[in-house]
Amino acid sequence: MKTKIVFFIMMITSLSLNGQNQDFVKILEYGAKAPSGHNTQPWLFKIKEAEIEIHPNFAKSLPIVDPDNRELFVSLGCAAENICIAALHKGYKTTVSITEKGIIHIKLDKQNSKTTSPLFSQITVRQTNRSIYNGNIIPKDNINQLKTVEYEPHVKVHFFKNGTSKFDSISNLIYEGNRRQMQDKNFKAELQQWMRYNKKHQNVTRDGLSYAVFGAPNLPRFIAKSIISKAVNEKSQNKNDKKKIASSSHFILFTTQNNTIEQWINLGRTLERFLLKSTEMGLVHAYMNQPNEVLDLSQKMAVTLDIPNEYPTVLIRMGYGEKMPYSLRKKIEDLIIE
Ligand SMILES: Cc1cc2nc3c(=O)[nH]c(=O)nc-3n(C[C@H](O)[C@H](O)[C@H](O)COP(=O)(O)O)c2cc1C
């Protein structure tokens with residue numbers, strides 16, 4: 001009976017996508033592999049005759065950690081970049097425009113000749129890697145290679161090497177960010193709402209922060225929940241982050257000039273390009289965005305780092321480490337709207 005129901009659902013889904021341009025559906029599958037805060041996957045896609053639209057899905061907002069939806073729009077930018085890279089691979093030239101409300105229009109023109117980006121093959125390889133890295137420093141030549149990644153307008157990228165005083169200043173702001181966030185019961189409640197405690201839980205929702213990406217074992221939900229609830233506090237967060245930071249080679253900070261929706265999306269496009277390039281180079285990364293999520297800390301960071309006229313938006317650590325399990329994505333048919 002169960003098999004029949006599953007088969008019936010699959011039939012309906014494939015029928016509902018049948019009328020759509022199959023090239024575009026495939027391209028969107030790559031778009032949906034983008035990173036997003038808490039893996040909320042806050043995007044909805046519309047397929048037009050020669051265009052794809054990305055709409056923000058505000059039902060997936062994170063009002064406590066991301067009250068102005070800045071990280072949401074950065075995530076949409078990451079998805080847009082994947083779409084452009086995948087479209088090129090399928091033989092389409094893309095033109096991107098962004099409305100005031102943050103709807104992204106990607107025009108696709110079929111080309112006679114096919115070119116592909118070396119970043120295409122990295123879309124399915126990229127992952128957020130929250131493990132402790134091996135402590136090796138990225139050679140200067142490789143950092144210079146990363147600096148050749150093309151930046152979108154009004155976006156800047158800053159590198160801070162482990163062992164420098166600015167690296168230490170950023171670390172202290174992360175610890176302070178953890179202290180503030182972990183004292184906020186609403187922050188903790190929102191975070192726990194997006195935790196996926198075991199394999200069954202993760203497979204049902206196909207979103208959120210899976211137990212597996214933290215290297216945790218697959219345990220009955222009530223046990224996992226109780227362990228994780230105890231670990232979500234300032235002391236254990238800072239103890240873990242200290243080890244993770246010490247094992248990393250660099251912090252990399254992405255900023256915008258005016259903190260607008262369009263610039264957040266452009267930052268996301270730059271970020272994704274950058275993450276794909278670093279993945280291609282065998283580097284791993286994870287986000288340490290706590291200081292950017294607490295307003296006065298992000299202002300303090302801008303001053304401390306001598307960039308008073310920029311808005312710190314995304315902070316990552318980078319280095320070398322072992323691969324981690326991947327987080328799941330929603331099925332593409334659940335993300336396409338009429
Ligand atoms: C704008 C943005 C902010 C993020 N902030 C954090 C963060 O502070 N801490 C963290 O562990 N992961 C953070 N992430 C990573 C997401 O949790 C991750 O992308 C998501 O779980 C999907 O996993 P994947 O990147 O491995 O595909 C952030 C991602 C984005 C795009």
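Residues numbered from 1 in each chain as written. Predicted model: local features only at pLDDT ≥ 70, side-chain atom pairs only at ≥ 80, totals over all residues.

**Q** It is not clear to me how the site of the ligand should be interpreted in this structure. Could you clarify?
**A** Around the ligand, the structure places 18 residues, and the nearest of them are Pro35, Asn39, Thr128, Tyr287 and Asn289. At the level of elements, helix H3 (70-89) and strand E9 (284-287) are the ones that each hand at least two residues to the shell around the ligand. Counting residues per element, the shell around the ligand draws most heavily on H3, which supplies four residues. Per-class residue counts for the shell around the ligand are seven nonpolar, nine polar and two charged. Counting the residues that make up the shell around the ligand, at least three belong to each of domain 1 (2-125) and domain 2 (140-319). (Near = placed C-beta within 6 Å. Helix = DSSP H or I, 4+ residues; strand = E, 2+ residues; numbered from the N terminus. Nonpolar A, V, L, I, M, F, W, Y, C, P; charged D, E, K, R; others polar. Domains from an automatic or database assignment.)

**Q** How should I be thinking about the sheet that holds strand E5 (residues 155-161) in this particular structure?
**A** The pairing of strands in a sheet happens through backbone hydrogen bonds and is either parallel or antiparallel. One open sheet accounts for four strands, arranged E5-E8-E10-E9; its pairing is antiparallel. The sheet is open, and its two borders are formed by E5 and E9, each paired with just one other strand. Direction aside, neighbouring strands of the sheet carry axes that sit 25° apart on average. Sheet topology note: the strand E8 (residues 250-256)/strand E10 (residues 311-319) ladder contains seven bridges and is antiparallel. Across the sheet, the residue bridging to Phe251 is Arg317, located in E10. Its contacts with the sheet place helix H5 (residues 165-182) against E5 and E8, and it is angled at close to 105° to E5. (Pairing = 2+ DSSP bridges. Axes fitted to C-alpha atoms, helices over the stretch in contact; angles between N-to-C directions. Contact = placed C-beta atoms within 7 Å.)

**Q** Which parts of the structure should I look at to understand the domain arrangement of the chain?
**A** Its domain assignment divides the chain into domain 1 (2-125) and domain 2 (140-319). The interface is formed by 26 residues belonging to domain 1 together with 25 residues belonging to domain 2. In terms of residues, the side of domain 1 that touches domain 2 owes the most to one element, H3, which gives ten residues. Looking at the side of domain 1 that touches domain 2 residue by residue, the class counts come to 15 nonpolar, nine polar and two charged.

**Q** Help me out: how do you make sense of H5 in this one?
**A** Note that an α-helix has 3.6 residues per turn; residues three or four places apart therefore point the same way. Taking 1.5 Å as the rise per residue, H5 with 18 residues should run 26 Å; its terminal C-alpha atoms sit 26 Å apart, in good agreement. Every buried residue of H5 is listed here: Ile170, Ser171, Leu173, Ile174, Gly177, Asn178 and Gln181. Seen along its axis, H5 keeps its buried residues to an arc of 165°; they face one direction. On its buried side, H5 packs onto E5, helix H6 (185-193), helix H9 (234-246), E8, helix H11 (290-293) and helix H12 (295-304). (Expected span 1.5 Å × (residues − 1). Buried ≥ 20, exposed ≤ 12 C-beta atoms within 10 Å, placed from the backbone. Arc of directions from axis to C-beta.)

**Q** I tried to follow the pairing of strand E4 (residues 104-110) on my own but got confused; where do I start?
**A** For a regular strand, side chains alternate in direction, first toward one face of the sheet and then toward the other. In the sheet, strand E2 (residues 51-56) pairs with E4 via four bridges, with the strands oriented antiparallel. Considered in E4, the bridge of Glu53 is made with His105. Examined bridge by bridge, strand E3 (residues 92-98) and E4 share seven bridges and lie antiparallel to one another. Of the residues in E4, the one forming a bridge with Ser97 is His105. Between the end of E3 and the start of E4, which pair antiparallel, lie five residues, with Gly102 showing a positive phi angle near 90°.

**Q** What is the right way to look at the sheet that holds E4 in this model?
**A** Within the open sheet, the five strands sit side by side as E3-E4-E2-E1-E11. Their pairing is mixed. Two strands in the sheet have a free side with no partner beyond their single neighbour: E3 and strand E11 (336-337). Across two bridges, the pairing between strand E1 (residues 43-47) and E11 is parallel. Residue pairing across strands places Lys46 opposite Ile337, the latter belonging to E11.

**Q** Can you help me understand the nonpolar core in this one?
**A** Nonpolar side chains tend to gather and get buried jointly when the protein is soluble and globular. Of all hydrophobic cores here, the largest spans 63 residues; its most connected members are Leu76, Ala79, Ala80 and Ile83. The biggest single contributor to this core is H3, with 13 residues. Counting only domains with at least three residues in this core, you end up with domain 1 (2-125) and domain 2 (140-319). Not counting chain neighbours up to four residues away, the residues in contact with Leu76 comprise Trp43, Ile54, Pro56, Gly102, Ile104, Ile265 and Gly268. (Core = buried A, V, L, I, M, F, W, Y, C linked by C-beta atoms within 7 Å.)

**Q** For this particular structure, what's the right way to read helix H10 (residues 261-280)?
**A** The first and last C-alpha atoms of H10 sit 29 Å apart over 20 residues, in line with the 28 Å expected at 1.5 Å per residue. The buried count for H10 comes to 18 of 20 residues, which makes it a mostly enclosed element. Where H10 terminates, the next one or two residues include Gly282, which has phi positive at roughly 85°.

**Q** Which parts of the structure should I look at to understand the packing of H3 against H10?
**A** Two quantities define a packed helix pair, namely the angle between the helix axes and the distance between the axes. Two numbers describe how H3 lies on H10: the axes approach to 6 Å, and their chain directions differ by 50°. One way to sum up the angle between H3 and H10 is to call them oblique. Taken as a pair, H3 and H10 cross one another with a handedness that is right-handed. Here H3 contributes Arg70, Phe73, Val74, Ser75, Leu76, Gly77, Cys78, Ala80, Glu81 and Asn82 to the contact with H10, which in turn contributes Ile261, Trp264, Ile265, Asn266, Leu267, Gly268, Arg269, Leu271, Glu272 and Arg273. In terms of residue class, the contact of H3 with H10 is made up of ten nonpolar, five polar and five charged. (Parallel < 35°, antiparallel > 145°, perpendicular 65-115°, else oblique. Left-handed = near helix turned anticlockwise from the far one by under 90°.)

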